[in-house]
Amino acid sequence: MLRFAPSPTGDMHIGNLRVAILNYLVAKQRGERFLIRIEDTDTQRNIEGKDQEILEILQKFGLEYDDVVYQSQNFSFHQNFAKKLLQEHKAFPCFCTPEELQAQRQKAKEQKRPYRYSGKCENSTLEEAAQKKEPFVVRIKKPQGPIAFYDLIKGDLHFEPKEVDSFVILRADGRPTYNFACAIDDMLYDISLVIRGEDHVSNTPKQIHVQRALGYDKKIEYAHLPIILNSEGKKMSKRESASSVKWLLEEGFLPQAIANYLILLGNKTPKEVFTLQEAIEWFDLSALSKAPARFDMEKLRFINRAHLEKLTPQELAQKLGIHESLGALAKLYLEEASTLKELKTKLDAIFGQKDFGEFEKEAKILKEHILAMELPQSFESFKKELMAKSGLRGKRFFKPLRLLLTGAPHGPEISQLYPLLKDHIKGIVQ
Ligand code: GLU
């Protein structure tokens, strides 16, 4: 089974979405189940409603999942496993106060060395904890030897016991920490491969250590995806609007185009424009680049336009929320726009208030004749008749006519627009 494990603590970032998409692809390729695990252990940071928002986004992207579980439902399992580790002296109660630990952290920082737990409570026991009646956290004892694993993207990785450290597995209120809950849940749901962001690389040896301490010997595979950089080559922050999936959707990028683009990132694919279904056929996780991927808005726009072009006029009209009869017109305007929002702006200009600038007088003349005319089928006849009636020629004819019909000084050929606009023209020029 594969899993996508979002924390309901903020908006979905394109990095998270990319993780979800790749997990989905590999689950489909391997014929394994795909689980969504909402990681809600950090109750203070959870935001009400974010879980639903994440699930809706996954649905919008066609990432079908087999089940949804909440990590908090498993707290009793986490606590029982912590108890087992305590009884076997693989974990210990730690009575160090937050102030004490903070001072040690501060000292490490001043001495420019990484903070490690002092080991002070390493020999304390459950019995002692029962007598003391003081608050305590539970820490797992650091491993005896190094922990190594093979990452499908990064290759062989190796961590020393001191890097794993004797870390906290249960907080003072009995809630599990992220690393502990994650290790247990990956075990409970029989996860075969974990695909996640590279920011989790240093968590992996901790999670493997927990599983080994509990005697779990199934080998879980890992693949840590390189981070996404912005156009300046810096880590793409959550505050950059283009990193928010919600923002991209609001801007009028299609889910299938965003998914296509995220699969292309740091990847060599047999083609550039494809669907999720096609990617299932050839996607190769181990071929992903180890180097960070750079987010390229222009490329995303190009891919989005390619997907907009694949839509039928009816589908496009539906996505734009306009009448079906305007779908073909919208398709023509794809020459000029790369997102639904841009397309909508162009179409709105056709039906909205218009500014004729220096051609105010000519526009008025054309409008009166158009309203009085029987509109012919072909643009050629329309043009001839209107020229004859208005007496206007050259740019004094074409410029105001374009503005009158489209609300913009440039755009697709009027001869191409005319048949698509014909049935609406009298309303448009009003
Ligand atoms: N909840 C973690 C996150 O959102 C994911 C952890 C994981 O995939 O193991 O970054």
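Residues numbered from 1 in each chain as written. Predicted model: local features only at pLDDT ≥ 70, side-chain atom pairs only at ≥ 80, totals over all residues. Heavy atoms only, no water.

Student: Teacher, can you tell me more about the packing of aromatic side chains here?
Tutor: Remark: the centre distance and the inter-plane angle together describe each pair of aromatic rings, the angle taken between the planes. The tally for this structure, following the rule as stated, stands at 11 aromatic pairs. Ring plane angle 90° and centroid distance 4.8 Å describe the contact between F274 and W282, whose orientation is recorded as edge-to-face. Given the relative accessible area of 1%, F274 is considered buried. The structure contains a cluster of three or more aromatic residues connected by ring pairs, namely F149, F159 and Y222. The ring of Y115 has R105 sitting right over it, with the charged end atom 4.8 Å from the ring centre. (Phe/Tyr/Trp six-rings, centres within 6.5 Å; stacked < 30°, edge-to-face > 60°. Buried < 20%, exposed > 50% of the residue type's maximum accessible area, 1.4 Å probe, protein only. Lys NZ or Arg CZ within 6 Å of the ring centre and 35° of its normal.)

Student: Can you walk me through the environment of A328 in this structure?
Tutor: By secondary structure assignment, the location of A328 is in helix α14 (residues 327-332). Considering only alpha carbons, one finds A328 and A317, 11 residues apart in sequence, at a separation of 8.2 Å. (Helix = DSSP H or I, 4+ residues; strand = E, 2+ residues; numbered from the N terminus.)

Student: What is the right way to look at the sheet that holds strand β5 (residues 137-140) in this model?
Tutor: Two orientations exist for strands paired in a sheet by backbone hydrogen bonds: parallel and antiparallel. A sheet is described by the order of its strands in space; here 3 strands give the open sequence β4-β5-β8, paired in antiparallel fashion. The strands lining the two open edges of the sheet, one partner per strand, are β4 (91-94) and β8 (168-170). Recorded for the sheet is a direction-independent mean angle of 45° between the axes of neighbouring strands. As paired elements, β5 and β8 share 2 bridges and run antiparallel to each other. The residue bridging V138 from the neighbouring strand is L170, located in β8. (Pairing = 2+ DSSP bridges. Axes fitted to C-alpha atoms, helices over the stretch in contact; angles between N-to-C directions.)

Student: I tried to follow the environment of L248 on my own but got confused; where do I start?
Tutor: Residue placement: L248 occurs in helix α9 (residues 245-250). In contact with L248, not counting residues within four places along its chain, are I14, A242, F253, I258, M297 and L300. (Contact = heavy atoms within 4.5 Å.)

Student: When you look at unusual backbone geometry in this model, what are you seeing that I'm missing?
Tutor: Excluding glycine, residues mostly carry a negative phi; peptide bonds, for their part, are mostly trans. Phi is positive for K133, which is not a glycine, with a value near 55°. The topology assignment puts K133 in the loop between α5 (126-132) and β5. Phi angles above zero are rare outside glycine, and D165 is one such case at about 65°.

Student: Before we go on, may I ask you to explain the pairing of strand β2 (residues 34-38) in this structure?
Tutor: Consecutive side chains of a regular strand alternate in pointing toward one face of the sheet and then the other. With 5 of 5 residues buried, β2 lies mostly within the body of the structure. Alternating residues of β2 divide into F34, I36 and I38 and L35 and R37, and every residue in both groups is buried. Examined bridge by bridge, strand β1 (residues 2-4) and β2 share 3 bridges and lie parallel to one another. Its bridge partner lying in β2, R3 is registered against L35.

Student: Looking at this structure, how should I read the state of the cysteines?
Tutor: By definition, a disulfide links two cysteine residues through a covalent bond between their sulfur atoms. What the rule picks out here adds up to 0 disulfides. Unpaired in terms of disulfides, C94 finds its nearest cysteine sulfur in C96, a separation of 3.7 Å. (Disulfide = S-S within 2.5 Å.)

In short, shape yes, function no, at least from these values alone.
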